[in-house]
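Coordinates in review
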Amino acid sequence: MHKLVVLYPKPADPDHFRDYYVTNHLPLVMNWPGLLAWRYSFDVVATKGEAQYFAVFEGDFADAAALAAARASPQGRRVAADVVNYATGGAIVIHYPVQDGTG
């Protein structure tokens, strides 16, 4: 499993961000080839102090190659190009292989 995480700092207009993200951006994400599962939240809080991020997105892919192919696809390019339409605070994109564990 390979995870993509997008962290969004607070935007200039949080209401616009929420509305645009749900109405316009997530439908683009749903067409991403190779995306196995996804989730997001606007309720990011810090355990101490103020949270650095307003929203978070997580996407699961089979492996790094599947993520790279998704990002390079026409749908992936549309997803990336759309970020400027709602994320005035920018976006931090990270990805990594997931190590499973049991407790």
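In case you missed it, the structure is sitting above this.
Heads up: these notes are all about the structure in this document. Computed from a predicted model, the values in this text were never measured in an experiment. (Residues numbered from 1 in each chain as written. Predicted model: local features only at pLDDT ≥ 70, side-chain atom pairs only at ≥ 80, totals over all residues. Heavy atoms only, no water.)

Thoughts on the packing of aromatic side chains
Within this structure, the stated rule accounts for 15 aromatic pairs. Judged by centre distance (5.5 Å) and plane angle (15 degrees), the rings of Phe17 and Tyr21 are stacked. Here Phe17 and its partner Tyr21 are both found in helix α1 (residues 14-29), four residues apart, which amounts to about one turn of the helix. With relative accessibility at 1%, the residue Tyr21 sits in the buried group. Ring geometry for Trp38 and Tyr40: centres 6.3 Å apart, planes at 15 degrees, overall stacked. You can call Tyr40 partly exposed: its relative accessible area is 33%. In textbook terms, an aromatic cluster arises when at least three aromatic residues are bridged by ring pairs, as seen for Tyr8, Phe17, Tyr20, Tyr21, Trp38, Tyr40, Phe42, Phe54 and Tyr86. Across from the ring centre of Phe42, 6.0 Å away, lies the NZ or CZ of Arg18, which sits over that ring. (Phe/Tyr/Trp six-rings, centres within 6.5 Å; stacked < 30°, edge-to-face > 60°. Helix = DSSP H or I, 4+ residues; strand = E, 2+ residues; numbered from the N terminus. Buried < 20%, exposed > 50% of the residue type's maximum accessible area, 1.4 Å probe, protein only. Lys NZ or Arg CZ within 6 Å of the ring centre and 35° of its normal.)

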